[in-house]
Each structure stands twice: as structure tokens, then as C-alpha cells.
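# Coordinate analysis (summary)
Here is what each chain is made of, one letter per residue.
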Amino acid sequence: MTGLGADVINKMKDEKQKDVAWQGKCSGTVYIAGNEHEGHFSLINKACSMFAHTNPLHQDVFQSVVKFEAEVVAMTAALLGSKEKSSGGQICGNMTSGGTESILMAVKTSRDYMKINKGITCPEMIIPVSAHSAYDKAAQYFKIKLWRVPVGPDFRADVKAIKRHINRNTILIVGSAPGFPHGIIDPIEEMGKLASTNGICLHVDLCLGGFVLPFARKLGYPVPPFDFSVDGVTSISVDVHKYGLAPKGTSVVLYRNHELRKNQFVAVTEWSGGLYVSPTIAGSRPGGLVAGAWAAMMSLGLEGYLENTRKIMEASKRIEKGVRQIPELFVVGRPDMTIVAFGSNVLDIFEVNDIMSSKGWHLNALQRPNSIHICVTLQHVTVTEDFLKDLTDSVQTVKANPGPINGGLAPIYGAAGKMPDRGMVQDLLVDFMDTSC
């Protein structure tokens, strides 16, 4: 086969035309306003391109991206309590490829730290059912027994239920600020006290909230304690590629001190290739993404993030208010941030989702309870009324003509939710993945 040469770019443009229209229509997914040819998009694309050849593994060669990473970590830590006296003054961390890797690193670090300090060789961790699926992945990868406990009636982590599962093998408990399903902040302060009392680790998932909650608090929104100012919090994950408006593939994992973080690293002394040490799962890492994250944070500044938070919080509240005014729907809990989840006691909410999909919207389907949510980004600030109109119309369509539509996913979600054999559901998911990638 002869190579395409420069014509490969035209081939890629043709393929890109097959992507769905995502501007303003996707829950989460794209957090930057506008399109990729202008404004902030254009800026981070230039930054990524400028450093596309770099690799922070080679610290002696690419000193610029090493500096960028250190400053991204420091700036992120400053948002999350590193300047507070109660943090201990040793907050440290590293950049990773995303929220899942940040969580994996925090879990691995907690496991190894507790093995060294408490001799735990059969580790267990306890998470609310609302915690991200990355913890299941971590449990499988690192051979940790996972306890998922119910949330309370307010959909926050049930601290008493977590306490009942703590035993001599417990290494870690987990809270979210907010949780992905419903946008609700767990009682981090209470969980910190529980962790401190029992001498175990507490990880706080701030992948969604890290670049919103500090600014929402400044704007006067009621935000409970959630960061390193809370005694007992040992690690935090925060995605820069979400509300930090950095390029995809950038996240940060933070630790209360260096004694904890050292357990994240892998050092190899007996390799014929020389001495080797690596901070995260990847060896080679794309320096262009590090540079893009640094450019995003430096270009926006604190005032830029504050203004963005004002816009998305106001848009979220407009959507929440509008959903509550649709009689057939209910909002799940009381959202603390930019996620609005809603269900119905009189309609199949997944049928509503299918109608919304036919109108071009891409929302997230949830379970327990059956519901869907929208994660509000800058893409949605100007389309909240369009969203509410389409949602109202979709509800009325399902109400007048209940039943699945051709090609809709409602039957699949409905059937999966009713299957008592969860192993069968798991097998179906694996088969789906095996045929789609």
C-alpha cells in the first residue's frame, strides 16, 4: 500500500464529517465554549501543537514541559486547600491521563501505604453506590475487595453505612464532590472524621468539581467543605480537561504529603536498560497535553474561571428550575453543582431519552433510580431554553404515545435494569465492547 502523504489530512477531514453535531447538544463531553477553530479552543490547539514532540519522561531534554506540569499541579493544589494551614503545607501530586488514572493512582497508593504502615495484605475499600466506576476498575486491577454501600435518601454517601463496613483490612473510603450521577456532594467533613478515627485513607473525587466548587463558593453558593482543608482527606483527583478547559487527557492526582505520594511511584533497579523510575501508569507521556493544560490555566486565570463558573451555575439552576416545572418529572435529590438528574414516576424516562436523542441531544442514562442527566457546560449556556422546550415536548410525546421507538435504547436499559443476574448484564457489556472497538 502506498502512503497517502499530505492527502491524509483530507481523508481525516472526510472522516470527521461523520461525527455527530456535538455543539451545545452533549451532556458533558465538550466543556469549552464555541468551536475548535476559535477562541480558547484555538489557543490550546496551538499550545498542544507547539509541544507535540515532547515527552516529560525525558526530564533533562524537555525541561519546559516538566516545568509546566509542576505548575499545573501547584495551581490546582492551590485551588483545593494547599495554602490552608490545616492542609499541612506538603500537598503534592502529578498529572495523569484522566480521572480514571488519577483514581487508579490514588487507590494503588493507598493500598501500598496501608500495607507498609499497618501491614494490611488483604485490602478492602468502601465506596457509595454513587462513586465512579473507576473504583471497580481499580479493585480488579489491584486485587482489592470492594464494598459498595447504599446512599442515604438524599443520595449522599451514608456515613453510618460506611462505618459498619470498616474492619481491620479497610484501607480506603471514598467520597465525591460531586458524584457523577446526580451532581450531589458527599459529606466529606464527616467522612474525614471517620477516616481519621479509624486510621484509614480518604480519597475525594473532585474530577468534576475541582475547577467549579472553589469558584462557586466565592460566588456565594452554599458549598460544604470538600478539599485538603478537611482533616482526614489523604488524596484528591481533579480533571483539568473538564471544567479546567484543558485538552482531553489531562487530570491531576494530589496527596496530602510526600510520604503518601512515594507509594505511587514505581522504581526498577535490576533492568539491563538502566535505572528506571516512573510517577504514574504511563512511561512516555504526551508533553503537548501538559502544555495545553498549562496554557488553559494561565490564559483563563482565576477571574476567567470565576466568570465561567457564574455562567454554568446559572445555566444549571435554570435547567433545574425548568425540569421541576414539568409535572411528569422529578429532579433526583438537590444538585449541588452543574449536573441535573431527573426521572419520572408516570413515564418511562428512557423513552423520553430516546425522543431527546432523536432531537439531537446526547444525555446520560442512569439507574437506581432510573433517570437521565445533563452535565451542564459552557456549550449549554445559550441553549437552556431550547433544552427545556425539547424536554417538555419529549415528555408530551411519550405521554401521548408510550412505547419504544425504532432504534431506541429504552428496551435495552429497561431490560438490563430488571435482570436479576448481573453477571449476564456484565457479559452483555463485555460482548458489546468486544464488537465495538
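Residues numbered from 1 in each chain as written. Predicted model: local features only at pLDDT ≥ 70, side-chain atom pairs only at ≥ 80, totals over all residues. Heavy atoms only, no water.

### Comments concerning the packing of helix 2 (residues 39-50) against helix 10 (residues 287-324)
Using the following cut-off: To get an axis, fit a line to the C-alpha atoms, keeping to the stretch in contact for a helix; angles then go from 0 to 180 degrees between the N-to-C directions. Under the scheme used here, helices are H or I runs from DSSP no shorter than 4 residues and strands are E runs no shorter than 2 residues, and both carry numbers assigned from the N terminus. By the definition adopted for this analysis, an angle is roughly parallel if under 35 degrees, roughly antiparallel if over 145, roughly perpendicular if from 65 to 115, and oblique otherwise. When the near helix sits turned anticlockwise from the far one by under a right angle, the crossing is termed left-handed; a clockwise turn instead gives a right-handed crossing. Any pair of residues with heavy atoms lying within 4.5 Å of one another is described as a contacting pair.
The interhelical angle for the contact between helix 2 and helix 10, taken along N-to-C directions, is 140 degrees, at an axis separation of 7 Å. With respect to their mutual orientation, helix 2 and helix 10 come out oblique. Viewed along their axes, helix 2 and helix 10 form a crossing whose handedness is right-handed. For the pair formed by helix 2 and helix 10, the contact residues are His40, Leu43, Ile44, Ala47 and Cys48 on the first element and Gly288, Leu289, Ala291, Gly292, Ala295, Ala296, Ser299 and Leu300 on the second.

### A closer look at a negative patch on the surface
Using the following cut-off: Like charges within 9 Å and nonpolar side chains (Val, Leu, Ile, Met, Phe, Trp, Tyr) within 5 Å are joined into patches, using only residues over 30% in relative accessible area that form no salt bridge. Exposure was quantified through the Shrake-Rupley algorithm and a 1.4 Å probe, taking into account, for residues, occlusion by the shown protein chains and nothing else. Only one rule defines a salt bridge in this text: a Lys or Arg side-chain nitrogen within 4 Å of an Asp or Glu carboxyl oxygen. Counting rule for charge: Lys and Arg are taken as positive, Asp and Glu as negative, and neither His nor the chain ends is counted. Charge placement uses NZ in Lys and CZ in Arg. For Asp and Glu, CG and CD serve respectively.
Among the surface-exposed residues, Asp421, Asp427, Asp431 and Asp434 lie close enough to one another that they form a single negatively charged patch. Tracing the sequence through the fold places Asp434 in helix 14 (residues 422-436).

### Description of a nonpolar patch on the surface
Here is the rule: When a residue's accessible area, from a 1.4 Å probe over protein chains only, is under 20% of the maximum for its type it is buried; when over 50% it is exposed; and in between it is partly exposed.
On the surface, Leu4, Val8, Ile9 and Met12 cluster together into a nonpolar patch covering about 350 Å² of accessible area. Note that Ile9 resides in helix 1 (residues 8-16). Accessibility expressed as a relative area gives 44% for Ile9, which makes it partly exposed.

### Considerations on the environment of Val174
Along the chain, Val174 falls in strand 4 (residues 170-176). Along the primary structure Val174 and Val107 are separated by 67 residues, whereas in three dimensions their C-alpha atoms are 9.7 Å apart. Each residue touching Val174, except ones within four places of it in the same chain, is listed here: Ile126, Ile127, Pro128, Ala131, Tyr135, Met191, Leu202 and His203.

### Description of the nonpolar core
Here is the rule: Definition used in this section: a nonpolar core is a set of buried Ala, Val, Leu, Ile, Met, Phe, Trp, Tyr and Cys residues joined via side-chain atoms within 4.5 Å.
Residues Val107, Ile173, Leu206 and Tyr243 are the most contacted members of the largest nonpolar core, which totals 91 residues. If you tally residues by element for this core, the top one is helix 10, at nine residues. Discounting chain neighbours no more than four positions away, the residues touching Ile173 are Ile126, Ile162, Met191, Leu194, Ala195, Ile200, Cys201, Leu202 and His203.

### A closer look at the sheet that holds strand 13 (residues 371-375)
Where we set the bar: Pairing between strands is defined by DSSP: at least two bridges between them are needed.
Ordered by their spatial adjacency, four strands build an open sheet running 10-11-13-12, and the pairing between neighbours is antiparallel. Every interior strand has two partners, whereas the edge strands, strand 10 (330-331) and strand 12 (364-366), have only one. Strands strand 10, strand 11 (339-343) and strand 13 of the sheet are contacted by helix 10, whose axis makes an angle of about 10 degrees with strand 11. Lying on the sheet, helix 11 (residues 349-358) is in contact with strand 11, strand 12 and strand 13; it crosses strand 13 at an angle near 40 degrees.

### Some details on the side chain of Thr384
Tracing the sequence through the fold places Thr384 in helix 12 (residues 384-400). The class for Thr384 is buried, based on a relative accessible area of 4%.

### Overview of helix 5 (residues 134-142)
Think of an α-helix as turning once every 3.6 residues; residues three or four places apart then point the same way. Put simply, the rule reads: This arc describes the spread of directions from the helix axis toward the C-beta atoms.
Among all positions of helix 5, only Ala134, Tyr135, Ala138, Ala139 and Phe142 are buried. Seen along its axis, helix 5 keeps its buried residues to an arc of 145 degrees; they face one direction. Helix 5 presents Gln140 and Tyr141 as exposed residues on the side facing more than 90 degrees away from its buried surface. Where helix 5 is buried, its residues touch helix 4 (99-118), strand 2 (124-128), strand 3 (145-149), strand 4 and strand 5 (201-205). The first or second residue beyond helix 5 is Lys143, which carries a positive phi of 55 degrees.

### Observations regarding unusual backbone geometry
Put simply, Ala177 and Pro178 share a cis peptide bond, and its omega is -5 degrees. The topology assignment puts Pro178 in the loop between strand 4 and helix 7 (188-198). Of the consecutive residues Arg368 and Pro369, the connecting peptide bond is found in the cis state with omega at 5 degrees. As for its placement among the helices and strands, Pro369 is situated in the loop between strand 12 and strand 13. Within the chain, Thr29 stands out as a residue other than glycine whose phi angle is a positive 65 degrees. Relative to the helices and strands, Thr29 resides in the loop between helix 1 and helix 2. With a phi close to 70 degrees, Phe155 is a non-glycine residue in the positive phi region.

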